[in-house]
Amino acid sequence: MRHAPRCAAAAVTLAALAALATACGHDDAATPSSTPSGYADMKQKVAAAEPAAAAADRDATSDADR
């Protein structure tokens, strides 16, 4: 059961990133050419976190430790 905390942490991280991306991406007053303040920084952080979350998920589902 060592993988359960890592898998849960990865799931929480992905859920938080998805919530951040959807919450920051919807602005009824925005035009297609305008982006919210800090959007590029958020996009970089999401891109950096995705490989780590994928690696944690692979590790959690791996049979190597079993």
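Cut-offs and rules
Residues numbered from 1 in each chain as written. Predicted model: local features only at pLDDT ≥ 70, side-chain atom pairs only at ≥ 80, totals over all residues. Heavy atoms only, no water. Helix = DSSP H or I, 4+ residues; strand = E, 2+ residues; numbered from the N terminus. Buried < 20%, exposed > 50% of the residue type's maximum accessible area, 1.4 Å probe, protein only. Areas by Shrake-Rupley, 256 points an atom, 1.4 Å probe, with all protein chains shown as cover.

To continue, consider the overall build of the protein. Counting secondary structure elements, the protein contains two helices and zero strands. Expressed as a percentage of its 66 residues, the buried residues of the protein come to 12%. On the protein, roughly 5,000 Å² of surface is accessible, and the fraction owed to carbon and sulfur atoms is 61%.

Here we come to the environment of Ala 56. On the secondary structure map, Ala 56 appears in helix α2 (residues 39–61). According to the relative accessible area criterion, Ala 56 is partly exposed, its value standing at 23%. C-alpha separation for the pair Ala 56 and Cys 7, spaced 49 residues apart in sequence, amounts to 6.7 Å.

As a further point, take the environment of Val 12. Topologically, Val 12 is positioned in helix α1 (residues 3–25). Once the C-alpha coordinates of Val 12 and Ala 53 are considered, the two residues, 41 residues apart in sequence, prove to be 9.8 Å apart.

That is the geometry; function is a separate question.
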